[in-house]
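Close look at the chain arrangement
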2 protein chains.
Amino acid sequence: MILVRQEIGDVLRDLRLQKGRTLRQVASRASVALGYLSEVERGQKEASSEILAAVAEALDVPISNIMREVGDRISVLEGLPVISDVVPDDIAGLDPDLVAPELSLR
Amino acid sequence: MILVRQEIGDVLRDLRLQKGRTLRQVASRASVALGYLSEVERGQKEASSEILAAVAEALDVPISNIMREVGDRISVLEGLPVISDVVPDDIAGLDPDLVAPELSLR
């Protein structure tokens, strides 16, 4: 099962590292507990909408960018390549297992 | 403050109505309580990642589509038109209040 919190955590961590900030800095600026933010980044806790907004602001990133990036990453996990909308895999000669590794949600 | 759960709720409701399904049908298929799904749709409850996955599957919609649509809607709320990345509002002759009605998170 694809879990949105796992992707949100990955995106938040990647953005934080891109900006060269520590967990402590972001947690402090967002006024959230360091341990909680760490669990969110590891996909172990759901971030409430209020926490997400505070962390996005602390990272100087619009929430829309975060959600779009989450959508893009989940799209890869769901195995939804654009080509499958155009040419069926058997006609294109592609191995469906390579093109769409996870089909359970289609 | 922009709340992700409000946009997720709106998107889930819009998708359900587009497909002509009732709350009862989707709740039953997703194995979630009808009252809970109703609160999620109204942005009053955070949906866990597991619930989101179950509701997306019940709606026959990839989670990635839901998250991208949420990102797009939040982008509008954040007042992040593409033009602002290219031509400053004062040069383009646009009224910033019209182009970007909500600036609190930028």
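Residues numbered from 1 in each chain as written. Chains lettered and ligands numbered in written order. Predicted model: local features only at pLDDT ≥ 70, side-chain atom pairs only at ≥ 80, totals over all residues.

**Some remarks on the overall build of chain A**
- Helix and strand content of chain A: seven helices and zero strands.
- Counted from the first residue to the last, chain A has its helices and strands arranged as α-α-α-α-α-α-α.
- In chain A, which comprises 106 residues, the share counted as buried stands at 30%.
- Considering only intrachain contacts with a sequence separation of at least 6, the fraction spanning at least 24 residues in chain A is 55%. (Helix = DSSP H or I, 4+ residues; strand = E, 2+ residues; numbered from the N terminus. Buried ≥ 20, exposed ≤ 12 C-beta atoms within 10 Å, placed from the backbone. Contact = placed C-beta atoms within 7 Å.)

**Quick notes on the environment of M1 of chain A**
- With respect to the helices, strands and loops of the structure, M1 of chain A is situated in the segment before α1 (4–18).
- Along the sequence, M1 of chain A and T22 of chain A sit 21 residues apart, while their C-alpha atoms lie 30 Å from each other.
- Not counting residues within four places of it along the chain, the set of residues in contact with M1 of chain A comprises E50 and A53 of chain B.

**Some details on the relation of the copies chain B and chain A**
- Each copy of the sequence occupies a distinct position, and chain B is placed on chain A by a rotation of 180 degrees and an axial shift of 0.0 Å, giving an RMSD of 0.0 Å. The relationship between the two copies is best expressed as a two-fold rotation axis. For chain B, the minimum C-alpha distance to the rotation axis belongs to R68 of chain B and amounts to 2.5 Å.
- The fraction of interface residues of chain B whose copies in chain A are also interface residues reaches 100%, indicating that both copies meet through the same surface. (Least-squares fit on C-alpha atoms with pLDDT ≥ 70 in both.)

**Re the interface of chain B and chain A**
- Across the contact, 24 residues belong to chain B and 24 residues belong to chain A.
- Among the secondary structure elements, those contributing two or more residues to the side of chain B that touches chain A are α1 (4–18), α4 (49–58) and α5 (63–77) of chain B.
- Of all the elements, α5 of chain B adds the most residues to the side of chain B that touches chain A, at eight residues.

**As for unusual backbone geometry**
- Positive phi values are uncommon outside glycine, yet D60 of chain A reaches one of about 60 degrees.
- Among the secondary structure elements, D60 of chain A is positioned in the loop between α4 (49–58) and α5 (63–77).
- By the C-beta count within 10 Å, which is 12 here, D60 of chain A ends up exposed.
- The residue S31 of chain B is not glycine, and still its phi comes out positive at about 60 degrees.
- Along the chain, the position of S31 of chain B falls in the loop between α2 (23–30) and α3 (34–41).

**Concerning the environment of R24 of chain A**
Residues and elements named next belong to chain A.
- You can see R24 is positioned in helix α2 (residues 23–30).
- Since 11 C-beta atoms lie within 10 Å of it, R24 is described here as exposed.
- On a C-alpha basis, the gap between R24 and R13 in space is 12 Å, while along the polypeptide they are eleven residues apart.

**Description of the packing of α1 of chain B against α5 of chain B**
Residues and elements named next belong to chain B.
- Where α1 contacts α5, the two axes come as close as 9 Å, and the packing angle between them is 120 degrees. Classified by the angle between their axes, α1 and α5 sit oblique to one another. Considering how the two elements wind past one another, α1 and α5 form a crossing that is right-handed. Facing V4, E7, I8 and V11 of α1, the residues of α5 in contact are I66, E69, V70, R73 and I74.
- In terms of residue class, the contact of α1 with α5 is made up of six nonpolar, no polar and three charged. (Axes fitted to C-alpha atoms, helices over the stretch in contact; angles between N-to-C directions. Parallel < 35°, antiparallel > 145°, perpendicular 65-115°, else oblique. Left-handed = near helix turned anticlockwise from the far one by under 90°. Nonpolar A, V, L, I, M, F, W, Y, C, P; charged D, E, K, R; others polar.)

**Side note on the packing of α2 of chain B against α3 of chain B**
Residues and elements named next belong to chain B.
- Running from N to C, α2 and α3 point in directions that differ by 110 degrees, and their axes come no closer than 9 Å. In terms of axis orientation, α2 runs roughly perpendicular to α3. Here α2 and α3 pass one another in a crossing that is right-handed. The residues of α3 that touch α2, namely those facing L23, R24, V26 and A27, are L34, L37 and S38.
- Split into classes, the residues belonging to the contact of α2 with α3 amount to five nonpolar, one polar and one charged.

**Comments concerning α5 of chain A**
- Spanning 15 residues, α5 of chain A covers 21 Å between terminal C-alpha atoms, matching the ideal 21 Å at 1.5 Å per step.
- Listing the buried residues of α5 of chain A in full gives I63, S64, I66, M67, R68, E69, V70, G71 and I74 of chain A.
- On its buried face, α5 of chain A sits against α1 and α4 of chain A together with α1 and α5 of chain B.
- Immediately beyond the C-terminal end of α5 of chain A, within one or two residues, lies G79 of chain A, with a positive phi of roughly 65 degrees. (Expected span 1.5 Å × (residues − 1).)

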